[in-house]
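Letter by letter, the chains look like this.
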Amino acid sequence: MTLNWRELSSARRTHWPAARGALARPRVVDALNTTLLVVTAPAGYGKTTALAATLPGTGWPAAWLTLDADDADPQVLAAGLALAVAHLPGGHAPGRWLDQGASPVRVASRTADVLHAAQAWLVIDEAHYLTSPLLAPMLRELLDCGEGHVALLSRVPLKLPELVPLEAAGIVATLTAADLSFTPEELAELFGAHGQHPTPAEVRMAHALTEGWPIAARYLVQATAQGRVNLRTLRDLDGGDVQLGALFTYLAQEVLGPLEPALRALLTRSSVFEELTPELLEQVLDEREAPLWLEALAGSGTFLTKVGADSYRAHPLLRAHLRTLLAPAEAQAISARGAAYFAQTGRFRRALAAYLTAGAYPQAAAVLETHGAAWLALGRVTLVERSLARLPAGHWTPALHGLSGDTLRLASRYGDALAAYRQADPLTRAVGEIQVALDTVQPSLAWEALERAEGLAPPASRPLIRRLRAENLLNAGRLSEATALEPALQGGIRYALRSGDVHRALHLAEQAAAGETGGPRAAQNHRESVLLASFLNAVVGRADEAAHFAREGVAEGERLDSPFVQALALARLGHARLVAQDEAGAEAAYREALARAQGVTGRLQVEALLGLMTVRSRRGAWAEGQEHYTQALERTAGDAYMTGLLHLRMALNAVQDGREAGEALALAEAALTQCGDALGLAAVALARLAADPTCPVSAQTAADLLRYPFLLTRVSLLSPLLSRAGRAHLLARFAAGHPQHRAAWTGLAEPLGYPDLTALAHAPGFEIHVQVLGRVAVHGEDGEARDWGRARARDLLHLLALHPEGVGRLQAQEALFPDAEPGIGERNFRVTLHALAQVLEQGAPSGTFLERGDWLRLRRTPDLRVDLWEAGAALQATPGSPERLPRLLTLPPDIAESDLPQAQAAARQYALALPQALAEEAELARTQGDLAASRAAAERALSLDPAHEPAARTLMRLHQKSGNAAAIQRVYGQLLDALHPLGLTPLPETALLYQTLKT
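Not measured: the values here are computed from a predicted model.

Visitor: Account for the overall build of the protein chain, with residues named and values stated.
Guide: The secondary structure content of the protein chain amounts to 52 helices and 13 strands. For the C-alpha atoms alone, the extent of the protein chain along its principal axes is close to 115 × 100 × 45 Å. When the 999 residues of the protein chain are sorted by exposure, 52% land in the buried category. Contacts in the protein chain between residues at least 24 apart in sequence constitute 64% of all its contacts with a sequence separation of at least 6.

Visitor: Can you break down the sheet that holds strand β10 (residues 807–808) residue by residue, with the values?
Guide: Taken in spatial order, the 3 strands line up as β10-β12-β11 in an open sheet, and their pairing is antiparallel. The strands lining the two open edges of the sheet, one partner per strand, are β10 and β11 (850–851). Strand direction decides the pairing type here: β10 and strand β12 (residues 855–858), joined by 2 bridges, are antiparallel. What sits directly across from glycine 808, in β12, is tryptophan 855. Contacting β10, β11 and β12, helix α43 (residues 791–802) runs over the sheet at an angle of about 80° to β12.

Visitor: Outline the UniProt feature "domain: Bacterial transcriptional activator" (unreviewed entry) in the protein chain, supporting the account with residue identities and numerical values.
Guide: Within this numbering scheme, the UniProt entry marks residues 866–998 as carrying the feature "domain: Bacterial transcriptional activator" (unreviewed entry). Helix makes up 73% of residues 866–998 and strand 1%, whereas the separation of the span's terminal C-alpha atoms amounts to 46 Å.

Visitor: Describe in detail the packing of aromatic side chains, supporting the description with residues and values.
Guide: Applying the stated criterion to the full structure yields 9 aromatic pairs. For the ring pair tyrosine 45 and tryptophan 213, a centre distance of 6.2 Å and an interplane angle of 35° mean the geometry is tilted. Here tyrosine 45, found in the loop between β1 (36–40) and α2 (47–54), pairs with tryptophan 213, found in the loop between α10 (200–210) and α11 (214–225); they are 168 residues apart in sequence, far enough to count as distant. Residue tyrosine 45 is classed as buried on the basis of its relative accessible area, which comes to 14%. With a centroid separation of 6.2 Å and an interplanar angle of 85°, the aromatic rings of tyrosine 414 and phenylalanine 564 are classed as edge-to-face. Linking tyrosine 414 in helix α22 (residues 414–421) with phenylalanine 564 in helix α31 (residues 563–579), this pair joins segments that are 150 residues apart in sequence. For tyrosine 414, a relative accessible area of 4% puts it in the buried group. On the basis of relative accessibility, which here comes to 3%, the residue phenylalanine 564 falls in the buried class. Residue placement shows arginine 860 over the ring face of tryptophan 869; its charged tip is 4.3 Å from the ring centre.

Visitor: Any details on the pairing of β1? Residues and values, ideally.
Guide: The element β1 is largely enclosed, with a buried count of 5 among its 5 residues. Where β1 lies against strand β4 (residues 149–154), 5 bridges are found, and the strand directions are parallel. Bridged to valine 38 within β4 is leucine 152. Bridge count between β1 and strand β5 (residues 172–175): 4 bridges; the pairing is parallel.

Visitor: So, the packing of helix α23 (residues 426–439) against helix α25 (residues 462–475): which residues are in play, and what are the values?
Guide: Following both chains from N to C, one finds α23 and α25 inclined at 30°, their axes separated by 10 Å at the closest point. As far as their axial angle goes, α25 and α23 are roughly parallel. For α23 against α25, the interelement crossing comes out left-handed. Listed contacts from α25 to Val431, Ile434 and Leu438 of α23 are Ile465, Leu468, Glu471, Asn472 and Asn475. Residue composition of the contact of α23 with α25, grouped by class: 5 nonpolar, 2 polar and 1 charged.

Visitor: Give a description of the sheet that holds β4 that names residues and reports values.
Guide: Read across the sheet, 5 strands follow the order β2-β3-β4-β1-β5 without closing on themselves; strand pairing throughout is parallel. Bordering the open sheet on either side are β2 (62–66) and β5, each of which pairs with just one other strand. Ignoring strand direction, the axes of neighbouring strands in this sheet form an average angle of 15°. Of the pairings in the sheet, the one linking strand β3 (residues 121–125) to β4 comprises 4 bridges and is parallel in character. Following the sheet pairing, tryptophan 121 is matched in β4 by histidine 149. Here α2 sits on the sheet and contacts β1, β2, β3 and β4; the angle it forms with β4, its principal contact strand, is near 155°.

Rules of the game
Residues numbered from 1 in each chain as written. Predicted model: local features only at pLDDT ≥ 70, side-chain atom pairs only at ≥ 80, totals over all residues. Heavy atoms only, no water. Helix = DSSP H or I, 4+ residues; strand = E, 2+ residues; numbered from the N terminus. Buried < 20%, exposed > 50% of the residue type's maximum accessible area, 1.4 Å probe, protein only. Contact = heavy atoms within 4.5 Å. Pairing = 2+ DSSP bridges. Axes fitted to C-alpha atoms, helices over the stretch in contact; angles between N-to-C directions. UniProt positions renumbered as here; feature names shortened; annotations may be inferred. Phe/Tyr/Trp six-rings, centres within 6.5 Å; stacked < 30°, edge-to-face > 60°. Lys NZ or Arg CZ within 6 Å of the ring centre and 35° of its normal. Parallel < 35°, antiparallel > 145°, perpendicular 65-115°, else oblique. Left-handed = near helix turned anticlockwise from the far one by under 90°. Nonpolar A, V, L, I, M, F, W, Y, C, P; charged D, E, K, R; others polar.

What follows is the structure in structure tokens.
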């Protein structure tokens, strides 16, 4: 071995690559939880950037080595390894071994030892140079690195026998081009990092164009930021001007440059086709070696991707660049032969693209007329829209204008759709106008077009027109007329919803939603099952389920590229958050829905306005709420159901704010009676009861509540009152007025927290919160602290909170007035007890919250919350039980100060119990791998008790896991400082752990 081994490699190859402007890649972070990581992807997929940007943020020590062809020599590789790890703890050892003439295998082994000791990563870029058989012994030693880690980055799949046993042992993770490709969300983030804020549709188009290829995505973002590319005019790359010339130059130099001429020619001539098969190339290009050549191009990992048994495709940007190299006449000739082949084999979508490229416009128009409607039904809106855009105006027919109207309607461009329908034949125009009115739920806009269509329709088309009229009647809230025309409507979700059969509607909607998303289809707008399921779950008060379906709707709307579905899904997400009483989140969703609905149709804005009306009214901005109410009513377009819902929701807002609601309730009742909506009418009746405490409960209203119990048992979109206590008080009126339903009322009382009707009968209609942690206070339902009549009343409440089972009257008197004469003490105690009752039971019957007599006790009722009792439940819960740690982390650090000996003893006990419970949770979370939760619990425990050794031990172990030696030293030093004033030193267990971790 040469003594001058440093001349065999360059230190530049061990420099950590720059990764400026890199995005956080969660998939890469997750993949680092392994011993060996293999990253395989073609050029431009950001392998180097991903690792160079991600590893430094993990806290792991790391080294880098970029290989080249010379590293096939074991001695060169050994020199590179020695230089790469030299900066790690103990990293000079491989170099010293080289100085002493050690073999490359021994150097690789010593490098593995360095990685193990430091728990460090070694990233080897361009790892395909490791495939030389001469390197196999070195590679075996290097990969046997114990607690160290190795990442291998390669453009081509690594066929290394040394990986096989490691893969079998489950310690190899892989990242591929699919993992490194940008998602649409990551692409949007990349645009944002460059100050660009494209619309969701533009992001999806950019993602479809680049397919997430990082090099192309980064170029596109930079070019957009610099004004060289306009996303609004950048369409697909078939048959249009291309704005990506500089990127194509990169492709020519970096990707296509090394390709041999014959293969490059094949790629160029076949670039007019989206997908390649051996048969296509043989029939159209007369390439007899097509199978071998396609497989060779796919095997490179760069030029083609295999998408089926014998199908291949190139990246669209690569195809676009290659097409620029073809002479126009040659491209047209090849396309014409391809179109004939595709038409003969029944692949009409491929034939259409080839006809358009070949300039065979009559044939392209015929294909669109024949197959366009079927493609739209499968959701291929963009295909039809772009194909029509490439067809010269002289080849358009009335049928194609009708197809264009359907395309624009499905893209939620209703004004443009109506303009296109006006150039179609009269019947197609009338049907198109009806469908626009149906899609946007504007029944008043459909009646005149329905009359025209019925006059024009031949016998074969009349069943369709009848169905359209029936659906418009359903949209108008005229259910009996609708089902008279089309009885089958009674089995649908929207009929069940609008007739008040909410449980059947919910069942049907959730059943339909289960198989609706993800498949090839056109957007169904308000008929989307996931959106109906979301709305219905909000109606019955299931906020989580409503939010789940709404988010599915947002994602489905983006997939279908439907602004209508996206906007309505966001409004439904607002409803879900409103039911969850997340008013800020609801308002944000409603405002985004309103923004998405702009330019689509006014009717689409109604639900967002309904939500904003409610949110603003609840926040005291009543005039603003009224304005939203008026705007929404102007946009209902003849929909009686939505009109009734708006009146009802406004009435509920008034009831919940203590305002007059009579007029809005009357309007709601009239509209919902027209629809026959039993649920809406039941909600009207309950709202009247909530507004008037003297109003008797009718037998019909009692029956309605039994049918729709969720109106009181949960907060729902139509609940008369928001507070649980208020709804319980209203239920007590039902129980008192209709005792024959005792069993049913008992069942409804239980979800509200009352075990029986006796307890329910005492429901005051509001909640009281007793605070003993931090300070002693009584809060009403509005959150305001109530004034104390006497200071000793506060001490009495403190005493009762410490004794949930109660305290004897004489014992309490002695505790509060220990030095008073018996008569004076008894009188003072009586006055104090009365003062406490006034604070606690303000607005409630005597005895609601405070049991008085010889035995004094705070009554355990759902309407009385005592924070000390809740804290005790969390402290006594089993370690690791759900929600225990989050609750412990929010508990105040101490019990309120008091001169009562019992309170002082309880405070000392609480001060010991809270950090101990947090330390238990910290250690349990650490052993379960939840390091963030463990750290939060340990740090909170030490903030309460800096001398708490179990918490300090857990925190030191956490810092050791992240390789932070300075933090270990800091924790131990702070523990010493806390113990010193107490005359204590760390336990042997703690001191030993520190010494072990330090070394």
